[in-house]
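Spelled out from the first residue to the last, the chains are:
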Amino acid sequence: MAQNPEQAFRTFSFYRHFTLRGDLADAIRPEGRPLHFTTHGLTLAPFHIGDDTRYHAYFRRSEPVVVFGAADSGVPNRARADGLTFLDALWQQAPFAASAQFVRAVRGLADTYLSAGLFSSTERDRVVAAAVDADLRR
């Protein structure tokens, strides 16, 4: 549960935090207490604590644009017919052994999106350029 008194649905974006490993280790950090973590300015705690702190149990993930770390392509993160977005399909291929493997995966998937009419050629080029510019070695 995420401890927070707000009543609105919380929206999180995680893909910008991924490294070549393709995991959330850099987006969710231990807080110093057992089973407590922080992300997006919120404390995540286990349900079994059972205190009277207000919390969110459900979240909405929002990945509106194709972004790799600080390299933002500005291209919408569109979904294919199967519901997977570009970033979903890309990170299913992780981990990547090196940046070159990551860029090849981005280029291949961007070509597929171009062929399917989900990217224009300009958008494809912007996505690939963002992948080349990304520093995902953390």
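Only a predicted model underlies this, so the values are computations on that prediction, with no experimental measurement involved.

The subject of this paragraph is the nonpolar core. Counting residues in each nonpolar core, the largest one holds 31 residues, and the members touching the most others are Phe68, Phe86, Leu90, Trp91, Phe102 and Val127. When contributions to this core are tallied by element, the ones reaching two or more residues are strand 8 (65-68), strand 9 (71-76), helix 1 (86-91), helix 2 (99-115) and helix 3 (121-133). If we skip the residues at most four places from it in the chain, Leu90 touches Phe68, Phe96, Phe102, Ala105, Val106 and Leu109.

To continue, consider the side chain of Asn77. By the element assignment, Asn77 lies in the loop between strand 9 and helix 1. One polar contact links the side chain of Asn77 to the main-chain amide nitrogen of Phe86, over a distance of 3.1 Å.

Attention now moves to the pattern of salt bridges. The tally for this structure, following the rule as stated, stands at 5 salt bridges. Across the pair Arg33 and Glu31 runs a salt bridge whose closest N-O atoms are separated by 2.6 Å. Its salt-bridge partner being Glu123, residue Arg78 comes within 2.8 Å of it at the nearest N-O pair. Of this pair, Arg78 sits in the loop between strand 9 and helix 1 while Glu123 is found in helix 3, placing the two residues 45 residues apart along the sequence. With a relative accessible area of 27%, Arg78 lands in the partly exposed category. For Glu123, a relative accessible area of 14% corresponds to the buried category.

Inspection of the entire model under this criterion finds 7 aromatic pairs. Ring centres 5.2 Å apart and planes at 85° place the aromatic pair Phe86 and Tyr113 in the edge-to-face group. Of the two residues, Phe86 is situated in helix 1 and Tyr113 in helix 2; the sequence distance between them amounts to 27 residues. Judged by relative accessible area, which is 0%, Phe86 ranks as buried. By relative accessible area, which is 1% here, Tyr113 ends up buried.

In this structure, strand 8 lies alongside strand 9, joined through 3 bridges in antiparallel fashion. Looking across to strand 9, one finds that Val65 is bridged to Pro76. Taking the residues between adjacent antiparallel strands as the criterion, strand 8 and strand 9 are bridged by 2 residues, where Gly69 takes a positive phi near 60°.

Calculation criteria
- Residues numbered from 1 in each chain as written.
- Predicted model: local features only at pLDDT ≥ 70, side-chain atom pairs only at ≥ 80, totals over all residues.
- Heavy atoms only, no water.
- Core = buried A, V, L, I, M, F, W, Y, C linked by side-chain atoms within 4.5 Å.
- Buried < 20%, exposed > 50% of the residue type's maximum accessible area, 1.4 Å probe, protein only.
- Helix = DSSP H or I, 4+ residues; strand = E, 2+ residues; numbered from the N terminus.
- Contact = heavy atoms within 4.5 Å.
- Polar contact = N/O pair within 3.5 Å; in protein donor to acceptor, adjacent residues only side chain to side chain.
- Salt bridge = Lys/Arg side-chain N within 4 Å of Asp/Glu carboxyl O.
- Phe/Tyr/Trp six-rings, centres within 6.5 Å; stacked < 30°, edge-to-face > 60°.
- Pairing = 2+ DSSP bridges.

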